[in-house]
Amino acid sequence: MKTLVTLALFLFVRDGSCMIAKQIDKETKEAGQDGILNCTIDKDQMVTGQRFSWQRLANDAYPTNVIAIDTDIVTRNPLGDDGRKKYLVTITSLKGSYIYSINIRRLVEGDHGEYRCTVMVSGWATDAYPSTTGELVVQLPPGVDDYGSDTMVHTFEGSSAALHCSAGGVPEPTVTWTRANGNPLPGGQLSFKGNELVIPKVEYDDAGIYRCTAENGVRPPEWRDIPLVIFHSPRMDAFRKTIGQAVDKNYDVELACIVSGDPEPELMWYKQDKRITDDHKHEVHKIFGLPGQGLRYASVWFTLRIHNIQAGDYGNYTCKAQNIYGNDSANITLYYTPTCQGYACMRYDLVAAAQSIRMSVLLICLTFCGHYLGLS
């Protein structure tokens, strides 16, 4: 994570007979880099018996702290992993002026605040010392706050829903709402700016993942996905309403339904009025939909695989779902076809072809060997 630091130093003169002041250009730095504040002091205005100092002024987190007097660091000055001290103060003599500089290394969020450069003149009252105050503004990348942001929102069809996303950062970030699957928001717009997204009347298709993204121009942005869950009775659809398969001890078939509902419904397979469970003949599976499968949020694949299709397996099958709000079902007809249907047929055809080839090779070998040995 990168933190940008803006240094803005503004100079004002307490006593114009001592020092000429000028504004220091704004400086922007990334976290981990060094920030430099410069005081410019006119040599022609200097008097005898003066010293310089840098102070960090008090704020909500820190009291006033004297960092340096002249070039001597008088506060805690930790050594970093790069082998350098946190602070370095220098005095550079130029033609007509001195540059009194403080170098703040490895900039972090805690370096924000106001810093004062003071010329301490012997014999003057403390409040008459010429000084300049610089503001160190730490620009923080955006962050979505756990407090004040939803993790999941539940509602009912026809009711209203409000999704909340609180974000912090400097400058204050802008929060933008979108749908994680790229579909338009309820109401038709692709995005919405604001900390609260309100859906006045929730519809069935509004369920899904809503994404709030916080941005303030300080990279990187941060986002959070918030599911909107709609309590409703199950809705069941057959993936294919009819499916055919040939009779053969090696042929299988798979029936599939797509179901949604909240709370998660109980799922069942039936043939006529008899419930089907896992056994040597049947395999029942429930697979939650994944992004990119084209399924509605929280939809489930509910499948029934029937092994070794026989004449008695043909007929009508029903997938059923029920929860506290209701139930639904879908019918699938399995019918006879003279040839194998589906992806598994190729495997069976290859096995049959391999067996045929082996038999042909065996016959050729027997014929050739018999002729060679005088057996024919």
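Here we summarise the structure given alongside this text. (Residues numbered from 1 in each chain as written. Predicted model: local features only at pLDDT ≥ 70, side-chain atom pairs only at ≥ 80, totals over all residues. Heavy atoms only, no water.)

1. What about unusual backbone geometry?
When glycine is set aside, most residues are seen to have a negative phi, and most peptide bonds are trans. Between Arg219 and the following residue, Pro220, the backbone shows a cis peptide bond with an omega angle of -5°. Note on placement: Pro220 falls in the loop between β17 (208–215) and β18 (222–238). Omega for the peptide link from Asp262 to Pro263 comes to 5°, which places this bond in the cis form. Among the secondary structure elements, Pro263 is positioned in the loop between β20 (253–262) and β21 (266–271). In this structure, Asp70 takes a positive phi of about 55° despite not being glycine. (Helix = DSSP H or I, 4+ residues; strand = E, 2+ residues; numbered from the N terminus.)

2. What about the sheet that holds strand β26 (residues 326–336)?
Judged by pairing direction, the sheet is mixed, and its five strands sit side by side in the order β19-β26-β25-β21-β22 without closing on themselves. At either end of the open sheet lies a strand with only one pairing partner, and these are β19 (242–245) and β22 (274–276). Geometrically, the sheet is characterised by an average inter-axis angle of 30° between neighbouring strands, direction not taken into account. Of the pairings in the sheet, the one linking β19 to β26 comprises four bridges and is parallel in character. The residue of β26 that forms the bridge with Ile243 is Leu334. (Pairing = 2+ DSSP bridges. Axes fitted to C-alpha atoms, helices over the stretch in contact; angles between N-to-C directions.)

3. So, the nonpolar core
Judged by nonpolar contacts, the single largest core of 22 residues is most densely connected at Met236, Leu255, Trp269, Ile306, Tyr317 and Leu334. At the level of secondary structure, the elements contributing two or more residues to this core comprise β18, β20, β21, β24 (300–306), β25 (315–323) and β26. Excluding residues that lie within four positions of it along the chain, Met236 makes contacts with Cys257, Ile258, Val259, Leu267, Cys319, Lys320, Ala321, Asp328, Ser329 and Ala330. Grouped together as the second largest cluster of nonpolar side chains are 19 residues, Val153, Cys165, Trp177 and Leu228 included. (Core = buried A, V, L, I, M, F, W, Y, C linked by side-chain atoms within 4.5 Å. Buried < 20%, exposed > 50% of the residue type's maximum accessible area, 1.4 Å probe, protein only. Contact = heavy atoms within 4.5 Å.)

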